[in-house]
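# What the coordinates show
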Amino acid sequence: MALKLQSKWRYIFMFLGIQLVVMALLSREGYQKRITYFMHILRKSDTSSSSSRNHTAGSLPARHAPANLTHLSKVQHDAIPLCPKTSPLLDGPIHVSFPSRLTLAEVQRKNPQVVRGGRYRPPDCEARHRTAIIVPHRHREHHLKFLLHYLHPFLQRQQLNYGIYIIHQAGNYTFNRAKLMNVGFREAMKEEDWDCLFFHDVDLIPEDDRNLYVCDSNPKHAAVAMDKFGYKLPYKMYFGGVSALTPLHYLKMNGFPNNYWGWGGEDDDIGVRVSLAGMYITRPSLKVGRYKMIKHKLDKGNDENPKRFNMLAKTRQTWKTDGMNTAVYEVLSREYLPLYTNITVNIGTEEGLHPPTTPPRKNKPAAVQKAPSKEVTSEKKSA
């Protein structure tokens, strides 16, 4: 009798275990479908809005867009094998210097297989990974040419299918790095279903091509060892410089904050979001995740954000209401240049995308104007 009961309970536990496994698989599949559905809606809504509103000027006729590389890959690469899991082209440590006479024309000449818009795929094997590089940018053309000089061959040696997007903030209002990264995610995903997006400062050059520009199962912080920090991680939750997210990671953490105007704070906010979304930060080793920073002074229009510490203290309350779901912007132009795609955007100000302008005060007629009193004059003199 006891043996029969044990056998009965064993079958019940096996049945329940199988049910749990099936439910987990269905849940995972459903979540992936919801992400695909979200990206489909994102593209569809943007296409429809561009036909009715002037501020989506980035929607260009099809002839201006780069070729559908995914389609070409399927047609031309059917007989091509997958690239090796570890690229045989990797060199390891890279000597980084900044030649004064370097030009973009020279960079283009040295990268003949990069096509319009800064797109590339390996010529002799099918890439295992599709990576978009998102670079927030304004008035940093001198740094950009060095980044492109090193980054294109770096990514090619990793045998990636990749594209480089420069997200340029229009106007002279205070710089907003995190909001530009939100723009970059959305605009890049409109063009292709990238499986990984690297958010990359323009002044950081990778020094080891074993630092793979592919995503991990959790958000990755790639720039763990910068020369300006003595090639050490400054603190545990640091997430600045170069980081990588899958579309799933990005959606789970509601993207990036939009309200950090000026330098500082947004990296730490993003690091907190990773934790709040139930994920953790992965990193390469200090030996591999090395970067050299191009030395420069703090940019005009990118002064330190005096509100950053107060804002960081409220991240737990704000991360679900300030992010990809509230990013409002206008695409002013989209240019497919030989080495990158340049997207110029209006991201507005702290007062909104189109802040109200105060009309100038009208001067009173001369006959009505009163002469300043002696008291006021004396106050001005004493001041």
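Just so it is clear, the model here is predicted, and its values are computed rather than measured. (Residues numbered from 1 in each chain as written. Predicted model: local features only at pLDDT ≥ 70, side-chain atom pairs only at ≥ 80, totals over all residues. Heavy atoms only, no water.)

Turning our attention to the overall build of the protein. Secondary structure summary: the protein contains 10 helices and 11 strands in total. Expressed as a percentage of its 383 residues, the buried residues of the protein come to 45%. Contacts spanning at least 24 positions in sequence make up 82% of the contacts within the protein whose residues lie at least 6 apart. Working note: accessible area of the protein is about 21,700 Å², and carbon and sulfur atoms make up 57% of it. (Helix = DSSP H or I, 4+ residues; strand = E, 2+ residues; numbered from the N terminus. Buried < 20%, exposed > 50% of the residue type's maximum accessible area, 1.4 Å probe, protein only. Contact = heavy atoms within 4.5 Å. Areas by Shrake-Rupley, 256 points an atom, 1.4 Å probe, with all protein chains shown as cover.)

With that out of the way, let us pick up the packing of aromatic side chains. For the coordinates displayed, the defined rule picks out 11 aromatic pairs. Seen from their ring centres, Phe-199 and Phe-256 are 4.9 Å apart, and the 85° between their planes marks the pair as edge-to-face. Of this pair, Phe-199 sits in strand β4 (residues 196-200) while Phe-256 sits in the loop between α6 (247-252) and α7 (266-276), and the two are 57 residues apart along the sequence. On the accessibility criterion, Phe-256 (1% relative accessible area) is buried. One aromatic cluster is present, built from ring pairs that chain together Phe-185, Phe-199, Tyr-250 and Phe-256. Directly above the aromatic system of Tyr-231 lies the positively charged group of Arg-290, at a separation of 3.7 Å from the ring centroid. (Phe/Tyr/Trp six-rings, centres within 6.5 Å; stacked < 30°, edge-to-face > 60°. Lys NZ or Arg CZ within 6 Å of the ring centre and 35° of its normal.)

Time to look at the state of the cysteines. Applying the stated rule across the entire model yields two disulfides. Here Cys-83 engages in a disulfide with Cys-125; their sulfurs sit 1.9 Å apart. On the sign convention where negative means left-handed, the S-S torsion of about 85° between Cys-83 and Cys-125 marks this disulfide as right-handed. With Cys-83 in the loop between α2 (69-76) and α3 (104-109) and Cys-125 in the loop between β1 (119-120) and β2 (130-137), the pair connects residues that are 42 residues apart, well separated along the chain. When sorted by exposure, Cys-83 lands in the same class as Cys-125, which is buried. Covalent S-S linkage joins Cys-196 and Cys-215, the inter-sulfur distance amounting to 2.1 Å. Between Cys-196 and Cys-215, the disulfide has an S-S torsion of 80° and is therefore right-handed. Of this pair, Cys-196 sits in strand β4 while Cys-215 sits in the loop between β5 (204-206) and β6 (220-221), placing them 19 residues apart in sequence. Relative accessible area serves as the criterion here: at 1%, Cys-196 is assigned to the buried category. The cystine pairing of the protein, numbering bonded cysteines in sequence order, is 1-2, 3-4. (Disulfide = S-S within 2.5 Å.)

Turning our attention to the confidence of the model for the protein. Chain-level pLDDT for the protein is 80 on average; 69% of the residues reach the 70-or-more range. The model gives residues 364-383 a pLDDT under 50, and that stretch makes two contacts with residues more than four places away or in other chains. (pLDDT = per-residue confidence, 0-100.)

Of note, Asp-203 is situated in the loop between β4 and β5. Assessed through its relative accessible area of 7%, Asp-203 is described here as buried. There is a polar contact of 3.1 Å between the side chain of Asp-203 and the side chain of Arg-140. (Polar contact = N/O pair within 3.5 Å; in protein donor to acceptor, adjacent residues only side chain to side chain.)

A few words now on the pattern of salt bridges. Taken as a whole and judged by the stated rule, the model has 17 salt bridges. Residue Arg-130 is joined to Asp-195 by a salt bridge in which the shortest nitrogen-to-oxygen separation is 3.9 Å. Taken as a pair, Arg-130 in strand β2 and Asp-195 in the loop between α5 (177-191) and β4 lie far apart in primary sequence, 65 residues in all. A residue is classified by how much of its surface remains accessible, and Arg-130, at 29% relative accessible area, is partly exposed. Among the salt bridges present, the one from Asp-267 reaches Arg-177, with a minimum N-O distance of 2.5 Å. Taken together, the residues span a long stretch of sequence, with Asp-267 in helix α7 and Arg-177 in helix α5 at a distance of 90 residues. One salt-bridge network, in which partners are shared between bridges, spans Arg-119, Arg-130, Glu-187, Lys-190, Glu-191, Glu-192, Asp-195 and Arg-334. (Salt bridge = Lys/Arg side-chain N within 4 Å of Asp/Glu carboxyl O.)

Here the focus is the side chain of Asp-267. Residue class for Asp-267 comes out buried when judged on its relative accessible area of 15%. Side-chain polar atoms of Asp-267 contact the side chain of Arg-177, separated by 2.5 Å. Each residue touching Asp-267, except ones within four places of it in the same chain, is listed here: Arg-177, Phe-239, Gly-240 and Gly-241.

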